[in-house]
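# Commentary on secondary and tertiary structure
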There are 2 protein chains.
Amino acid sequence: MMKTIYLDNNATTQVAPEVVEVMLPYFHELYGNPSSMHSFGGQVAGKVREAREKVADLIGASPEEIIFTSCGTESDNTAILSALAAHLEKRHIVTSRVEHPAIKVLCSHLSKKGYRITELPVNGDGLLDMDQYERSLTPDTAVVSLMWANNETGVFFPVEKAAKMARERGILFHSDAVQAVGKIPISMMINDIDMLSLSGHKIHGPKGIGILYVRKGTKFSPFLVGGHQEKNRRGGTENIPSIIGLGKACEVAKLNLSTENTTVRRLRDRLENEILARVPECRINGDRVNRLPNTTNISFGFVEGESILLMMDEYGICASSGSACTSGSLQPSHVLRAMGVPFTMAHGSIRFSLSVYSREEEIDFVIAKIPPIIGRLRELSPFWKPDNQRAMS
Amino acid sequence: MMKTIYLDNNATTQVAPEVVEVMLPYFHELYGNPSSMHSFGGQVAGKVREAREKVADLIGASPEEIIFTSCGTESDNTAILSALAAHLEKRHIVTSRVEHPAIKVLCSHLSKKGYRITELPVNGDGLLDMDQYERSLTPDTAVVSLMWANNETGVFFPVEKAAKMARERGILFHSDAVQAVGKIPISMMINDIDMLSLSGHKIHGPKGIGILYVRKGTKFSPFLVGGHQEKNRRGGTENIPSIIGLGKACEVAKLNLSTENTTVRRLRDRLENEILARVPECRINGDRVNRLPNTTNISFGFVEGESILLMMDEYGICASSGSACTSGSLQPSHVLRAMGVPFTMAHGSIRFSLSVYSREEEIDFVIAKIPPIIGRLRELSPFWKPDNQRAMS
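The structure displayed is predicted, hence computed values, not measured ones. (Residues numbered from 1 in each chain as written. Chains lettered and ligands numbered in written order. Predicted model: local features only at pLDDT ≥ 70, side-chain atom pairs only at ≥ 80, totals over all residues. Heavy atoms only, no water.)

### Things to note about the domain arrangement of chain A
Residues and elements named next belong to chain A. If you check the domain split of chain A, you get domain 1 (5–12 + 257–388) and domain 2 (17–253). Spacing between the C-alpha centres of domain 1 and domain 2 amounts to 28 Å. Facing 32 residues of domain 1, the contacting portion of domain 2 comprises 33 residues. Interface of domain 1 and domain 2: buried area, both sides summed, is about 2600 Å²; carbon and sulfur atoms make up 56% of it. Looking only at domain 1, the three residues that lose the most surface to domain 2 are Leu257, Leu292 and His334, adding up to 22% of its buried area. (Domains from an automatic or database assignment. Contact = heavy atoms within 4.5 Å. Buried area = accessible area lost by both parts, 1.4 Å probe.)

### Section: the interface of chain B and chain A
Each partner contributes residues to the interface: chain B has 60 residues there, and chain A has 60 residues. Taken together, both faces of the contact between chain B and chain A bury some 5000 Å²; the carbon and sulfur share is 64%. Looking at the side of chain B that touches chain A, the elements that each hand over two or more residues are α1 (17–23), α2 (25–28), α3 (39–58), α4 (72–86), α5 (101–112), α9 (240–278) and α10 (305–313) of chain B. Among the elements that make up the side of chain B that touches chain A, the one with the highest residue count is α5 of chain B (five residues). Looking at the side of chain B that touches chain A, its residues break down into 26 nonpolar, 27 polar and seven charged. (Helix = DSSP H or I, 4+ residues; strand = E, 2+ residues; numbered from the N terminus. Nonpolar A, V, L, I, M, F, W, Y, C, P; charged D, E, K, R; others polar.)

### Some remarks on the pairing of strand β8 (residues 210–214) of chain A
Residues and elements named next belong to chain A. Judged by how many residues are buried, β8 sits mostly within the fold: five of five residues are covered. Burial along β8 is two-sided: Gly210, Leu212 and Val214 facing one way and Ile211 and Tyr213 facing the other are all buried. Here strand β2 (residues 66–69) runs beside β8; their pairing, made up of four bridges, is antiparallel. Looking at β8, one finds that isoleucine 66 is bridged to tyrosine 213. (Buried < 20%, exposed > 50% of the residue type's maximum accessible area, 1.4 Å probe, protein only. Pairing = 2+ DSSP bridges.)

### Quick word on the relation of the copies chain B and chain A
Aligned on chain A, chain B shows an RMSD of 0.0 Å; the corresponding rotation is 180 degrees and the shift along the axis is 0.0 Å. Within this description, the copies of the chain are treated as partners about a two-fold rotation axis. The position closest to the rotation axis in chain B is occupied by the C-alpha of serine 70 of chain B, lying 3.0 Å away. Taken as a fraction of all interface residues of chain B, those also at the interface in chain A reach 100%, which identifies the copy contact as same-surface. (Least-squares fit on C-alpha atoms with pLDDT ≥ 70 in both.)

Written as structure tokens, this is what we have:
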């Protein structure tokens with residue numbers, strides 16, 4: 001079997017072996033319901049508490065500020081709807097053009113229900129204009145939702161600064177930090193963000209589990225209602241194995257934070273620099289400084305992203321064109337369009353996203369394979385002419 | 001270590017070993033995102049399809065009528081809110097007094113938003129008055145939600161008949177079948193139910209996964225919005241291991257259906273009959289004919305359910321007083337109150353819920369332990385007098 005070189009960690013990650021290990025006993029040995037009144041069920045309640053503490057620890061929060069949800073999408077949906085319920089008289093939402101569909105599609109639904117949505121533009125590097133942001137905040141603004149790091153380019157928004165500005169105006173601030181958590185240090189103790197979304201499967205935890213951080217004192221309305229679970233903040237029997245797995249994943253992520261910012265960053269930079277050096281007519285999308293250490297988004301002119309993926313696939317190399325959550329569509333990514341990346345360049349974009357499991361020799365292999373793949377595809381392209389390069393450079 | 005005798009299967013079940021086995025490879029070997037465009041991610045899409053077919057097969061549905069959710073609560077919430085969105089002009093909901101909190105609490109929230117809720121009463125056996133049901137249906141009724149089997153007593157509602165009556169009036173019908181699926185045969189092909197909720201962890205599948213069945217042609221509005229997953233009907237990265245596990249659990253449940261209705265029923269009946277014969281002043285709550293084969297709800301006069309649980313716990317016997325989703329409160333169960341069970345009897349109620357893993361010798365053990373436990377507690381009770389029994393019988 002061909003070895004898989006998995007460079008699609010912003011789509012999903014492998015569950016760390018130590019995470020699977022701590023989950024296993026809770027499937028068919030300690031399978032009790034923590035709400036039950038017998039000690040068999042009760043004993044798992046303590047494990048849930050420990051997991052909550054580990055999650056809180058990774059993001060510098062208090063355990064009671066952590067609500068377990070089923071995924072980042074649920075956390076995002078919950079945050080926005082809760083903020084709107086807290087200020088029923090306010091009908092304005094500020095967000096950006098490059099948010100995850102969990103925010104973007106929800107806002108589009110809300111706009112049909114009479115909410116006014118400001119989708120802030122980004123510049124060519126994927127950065128926000130903070131003056132424009134400030135001007136967008138009005139007395140009618142109920143909530144701001146800005147992602148901490150973009151899933152496609154890795155570019156950071158200055159969410160801590162933006163949250164401070166919102167706080168000064170009495171506006172709730174939510175951040176989708178699904179891509180940022182575990183890759184950069186985050187401490188909710190030293191910022192003004194009211195709500196934060198995190199997803200298990202982006203940080204080597206299981207799929208089907210996420211959290212919503214809700215700052216103590218923030219008015220909160222539940223999204224899923226039913227039983228008394230999560231202190232009446234999220235109904236539904238607790239997903240015990242996944243909660244315990246997420247706790248472990250957060251513990252591991254904390255230990256790996258420095259690796260993300262040394263080894264992973266170095267490998268990403270090498271991949272990026274070598275491709276830039278070896279392949280003509282390609283460019284990096286997004287600001288190269290204010291960016292996650294594991295992500296690079298590269299546009300190759302005169303080729304289709306899908307064709308590149310297909311040819312990489314033959315070598316077992318996994319990456320993305322656009323984001324996994326919007327793929328399947330032939331539209332170029334909404335993120336690259338918002339950045340004004342020319343249509344042809346956006347169409348030929350590939351996101352490589354590394355993890356702490358990425359190995360030097362894997363990166364070497366990709367560096368060796370990409371130039372001939374692009375060369376071959378360009379030979380087949382009616383748009384690529386031998387003098388393109390000279391004409392455009 | 002003391003052996004656990006687990007008779008709390010309506011709260012949650014152990015994950016079947018064969019279910020855990022099929023889940024394992026999807027944590028850290030085949031961990032791809034099915035939305036990805038590489039074959040590593042794509043190969044799990046086929047497994048999701050197979051799982052969907054197995055779920056559909058258990059309830060006589062088509063695979064495209066199955067939406068994977070994170071739990072029964074999410075399915076219940078989604079069904080009601082979708083039905084209301086489909087008929088914005090209709091402001092009336094019909095349900096019962098004994099529904100799960102996922103319906104009950106949601107309806108209570110909706111009543112504050114201007115919806116009119118009819119909570120149908122039940123009689124002393126937990127049964128509905130179908131004439132009263134019929135009279136409750138009005139041109140303003142958007143949706144009916146009635147559970148297939150009650151979680152605390154196991155009593156069935158005639159949901160197929162009720163759905164037919166709703167259909168004739170153009171009213172959407174939802175059933176929370178979380179307790180019924182896997183215990184009795186269900187075929188959506190031969191009934192008029194529009195939406196049906198199912199939960200993985202009640203049928204020896206994993207926690208954190210459920211489904212909402214939505215009949216083909218039913219107008220549907222998603223609850224979680226975001227990515228294109230589940231054909232735009234439920235955003236969020238698919239919980240692959242749990243989806244695959246749920247598929248297997250449904251396959252196993254189908255094979256075990258006859259065991260539920262022979263072995264499990266016989267064990268339950270024996271437990272119930274022996275306790276009735278050996279313990280004075282106790283009664284079965286709920287109709288003994290129209291009932292799940294695995295559940296018995298027994299009230300012991302002059303004792304507290306919590307004390308019984310505590311003493312059973314010392315022998316490793318797990319059961320419930322009230323339901324897991326409402327426990328932690330000192331109120332007697334809303335289900336028993338709705339049935340008019342006298343306060344003192346409701347307070348001393350215990351639900352035993354068996355499964356295909358329940359063994360004859362376990363039931364023998366419980367039958368042997370219960371009479372002395374009740375006897376001892378009554379000796380300590382200020383309300384129990386030696387002549388109570390004579391006076392009341």
